Amino acid sequence: MLARGAVRRCPLCGGGHLFHHWFSMVERCPRCGLKLERIEGHWIGALGINTIVSFAVVLAAVVGAFVVTYGDESAWAAVAVIVVTAIVVPLAFYPVSKTLWSAIDLAMRPLEPDDDVDPRWIPASTRHER
Ligand SMILES: [Zn+2]
């Protein structure tokens, strides 16, 4: 599930085409019907993941820029690299943070009958008898 989420695919079925464009996601997976925003406030987890990853990459950029430019009179190149990193990484990681969070959410909260997905994709271990 995490691997599927890490490559912007549906955590349940692995299907793609979950995004209209980079910042706009479909409501349900076109292949299995998984509702991607399963509960109100679902995307706060994606925001958290994006924040953690972005801070980690910016910290790495700060350390890397410091090491590379150590002793230089001017630090403008280091600052430019750090600023560009701080702007680009959260935007580039945005869709991955959403599918990755959906995978984590699905792992923590297995499918319920209310999720209303295509029955072929419901794992036998979580299938409810009706
Ligand atoms: Zn799916």
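Residues numbered from 1 in each chain as written. Predicted model: local features only at pLDDT ≥ 70, side-chain atom pairs only at ≥ 80, totals over all residues. Heavy atoms only, no water.

Our next topic: unusual backbone geometry. Positive phi values are uncommon outside glycine, yet Arg 8 reaches one of about 65 degrees. On the secondary structure map, Arg 8 appears in the loop between α1 (2-6) and β1 (19-21). One non-glycine residue, Asp 116, lies in positive phi territory at about 55 degrees. Looking at the element boundaries, Asp 116 is found in the segment after α3 (76-108). The exposure class assigned to Asp 116 is exposed, which follows from its relative accessible area of 55%. (Helix = DSSP H or I, 4+ residues; strand = E, 2+ residues; numbered from the N terminus. Buried < 20%, exposed > 50% of the residue type's maximum accessible area, 1.4 Å probe, protein only.)

Protein-derived ligands of the zinc ion are Cys 10 (SG), Cys 13 (SG), Cys 29 (SG) and Cys 32 (SG), with the metal-ligand distances lying across 2.2 to 2.3 Å. Within one chain, the residues donating to the zinc ion are spaced in sequence as C-x2-C-x15-C-x2-C. Taken together, the residues span a long stretch of sequence, with Cys 13 in the loop between α1 and β1 and Cys 32 in the loop between β2 (24-25) and α2 (44-69) at a distance of 19 residues. The two residues Cys 13 and Cys 32 agree in class, both being buried. (Donors = N, O, S within 2.8 Å, 3.2 Å for Na, K, Ca; no water.)

Cys 10, Leu 12, Leu 18, Cys 29, Cys 32, Leu 34 and Leu 36 are the most contacted members of the largest nonpolar core, which has 21 residues in total. At the level of elements, α2 and α3 are the ones that each hand at least two residues to this core. It is α3 that contributes the most residues to this core, five residues altogether. If we skip the residues at most four places from it in the chain, Leu 12 touches Arg 4, Cys 32, Leu 34, Leu 106, Leu 111, Val 117, Trp 121 and Pro 123. (Core = buried A, V, L, I, M, F, W, Y, C linked by side-chain atoms within 4.5 Å. Contact = heavy atoms within 4.5 Å.)

Within the fold, Ser 54 resides in helix α2. Non-local contacts of Ser 54, meaning those with residues more than four positions away in its chain, are made with Val 89 and Pro 90.

A few words now on the packing of aromatic side chains. The tally for this structure, following the rule as stated, stands at two aromatic pairs. Between Phe 23 and Tyr 94, the aromatic rings sit 5.4 Å apart at their centres with planes inclined by 50 degrees, giving tilted as the arrangement. Of this pair, Phe 23 sits in the loop between β1 and β2 while Tyr 94 sits in helix α3, placing them 71 residues apart in sequence. Against the face of Trp 43 rests Lys 98, its NZ or CZ located 4.4 Å from the ring centre. (Phe/Tyr/Trp six-rings, centres within 6.5 Å; stacked < 30°, edge-to-face > 60°. Lys NZ or Arg CZ within 6 Å of the ring centre and 35° of its normal.)

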